[in-house]
Amino acid sequence: MSRPTRPTPSLIRAAACLGIAALTLTACGSGSGSDSAGSGSGSVKVGLITKTDTNPFFVKMKEGAEKAAKDSGAQLITSAGKFDGDNAGQVTAIENMVAAGVKGILITPSDSKAIVPALEKARAKGILVIALDSPTDPQSAVDALFATDNLRAGELIGSYAKASMKGRTAKIATLDLAPGVAVGVQRHNGFLKGFGIGEKDPAIVCSQDTGGDQAKGQTAMENCLQKAPGINVVYTINEPAALGAYTALKAKGRDKDVLIVSVDGGCTGTQAVKDGKIAATSQQYPLKMAAEGVGAVVKYAKDGKKASGYTDTGVRLITDKAQAGVASKDTEYGLANCWG
């Protein structure tokens, strides 16, 4: 019987390299997302978890993170929920990123409360956790928050709507996000504050949840029109919901006499303002949120200092029909800066 051939040094080296490559791919490929920017075992790993990977807002956020990671030589690992509200998917993404050895996780939480235990586990392992756009509940569940002041964003469009009505009796429909989601609550409350009314004010004739979805926004508006045909002001959680509302109003011949205001300021939404479909929107800057988040993780990897507290990434009212006493920029500015 012949003796087994002893591996040569070159074969040992080749096997080791293959093993390392396999381990690297396993770590990078964890989660439901993808890898981008940066390479090499020495690069800082940064995780980005968005609510979905289809909403243009989060697409732009991912672009900002990718560019920042590439510029800083970091490795970006991305993942997203299957739908807005997919907390389980985000929990799985966190677990996968922890296993992949990320130094920091950037997340737009779908459920402000339910995500907290998973984030606490990640932080306990020394991972920097930063919420983008949407705060957790409590906000202290993360190290830092980089976001629009959503209360202020709502207040801006509420003040604008109030000024636009010029003393006419308002019949308001609010097309909201979903119960208990902090970003939706803040925008809704900000709108009421800006308009100068409370939650139980009789001016609010219909309230529906849309999940920030265009089709659901259309259905919600149709339902509201059945309930209260005289609606003349529509607040929407975001521009997809606003465009859904516009479609429903146009079908009823009401697109010219109902004021729609919204939040986000994406390029499509800003174009809708220019086209007269939406009267005004509060523009926020997700690319900036993501870029600053990546920078904070890279800094933490270098000096061990964690970002903390709240960083306001800015908001501006965009409209081509300015109202006295309400600061705004026109759509030329809005299109030049949409989600920058």
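Not measured: the values here are computed from a predicted model. (Residues numbered from 1 in each chain as written. Predicted model: local features only at pLDDT ≥ 70, side-chain atom pairs only at ≥ 80, totals over all residues. Heavy atoms only, no water.)

## Things to note about the pairing of strand β11 (residues 280-283)
Next up, step 1: Of the two faces of β11, the one lined by Ala280 and Ser282 and the one lined by Thr281 and Gln283 are each fully buried.
Next up, step 2: Of the pairings in the sheet, the one linking strand β10 (residues 259-264) to β11 comprises 4 bridges and is parallel in character. By the bridge assignment, Ser262 is partnered in β11 with Thr281.
Next up, step 3: Taken together, the 3 bridges between β11 and strand β13 (residues 316-318) define a ladder with antiparallel strand orientation. Bridge pairing in β13 places Ser282 opposite Leu317. (Buried < 20%, exposed > 50% of the residue type's maximum accessible area, 1.4 Å probe, protein only. Helix = DSSP H or I, 4+ residues; strand = E, 2+ residues; numbered from the N terminus. Pairing = 2+ DSSP bridges.)

## Digging into the side chain of Thr210
Next up, step 1: With respect to the helices and strands, the residue Thr210 is situated in the loop between β8 (204-209) and α7 (214-227).
Next up, step 2: Those residues in contact with Thr210, other than ones at most four positions away along the chain, are Leu175, Asp176, Leu177, Lys216, Gly217, Ala220, Ile237 and Ala241. (Contact = heavy atoms within 4.5 Å.)

## Points about the nonpolar core
Next up, step 1: In this structure, Tyr160, Ile172, Phe191, Phe195 and Val261 are the most contacted members of the largest nonpolar core, which totals 28 residues.
Next up, step 2: When residues of this core are traced back to their parent elements, those giving at least two are α5 (150-165), α6 (182-195), β9 (233-236) and β10.
Next up, step 3: Non-local contacts of Ile172, meaning those with residues more than four positions away in its chain, are made with Phe191, Phe195, Ile197, Ala203, Ile204, Val205, Cys206 and Val233.
Next up, step 4: Core analysis: the next-biggest nonpolar cluster, separate from the first, contains 25 residues, Ala65, Leu106, Ile130 and Ala144 among them. (Core = buried A, V, L, I, M, F, W, Y, C linked by side-chain atoms within 4.5 Å.)

## Description of the packing of α7 against helix α8 (residues 239-251)
Next up, step 1: At a minimum axis separation of 7 Å, α7 and α8 run at an interaxial angle of 45°. Judged on the interaxial angle alone, α8 and α7 are oblique. Crossing geometry of α7 relative to α8 is assigned as right-handed. Where α7 abuts α8, its residues Gln214, Gly217, Gln218, Met221, Glu222 and Leu225 lie against Pro240, Ala241, Leu243, Gly244, Ala245, Thr247, Ala248 and Leu249. (Axes fitted to C-alpha atoms, helices over the stretch in contact; angles between N-to-C directions. Parallel < 35°, antiparallel > 145°, perpendicular 65-115°, else oblique. Left-handed = near helix turned anticlockwise from the far one by under 90°.)

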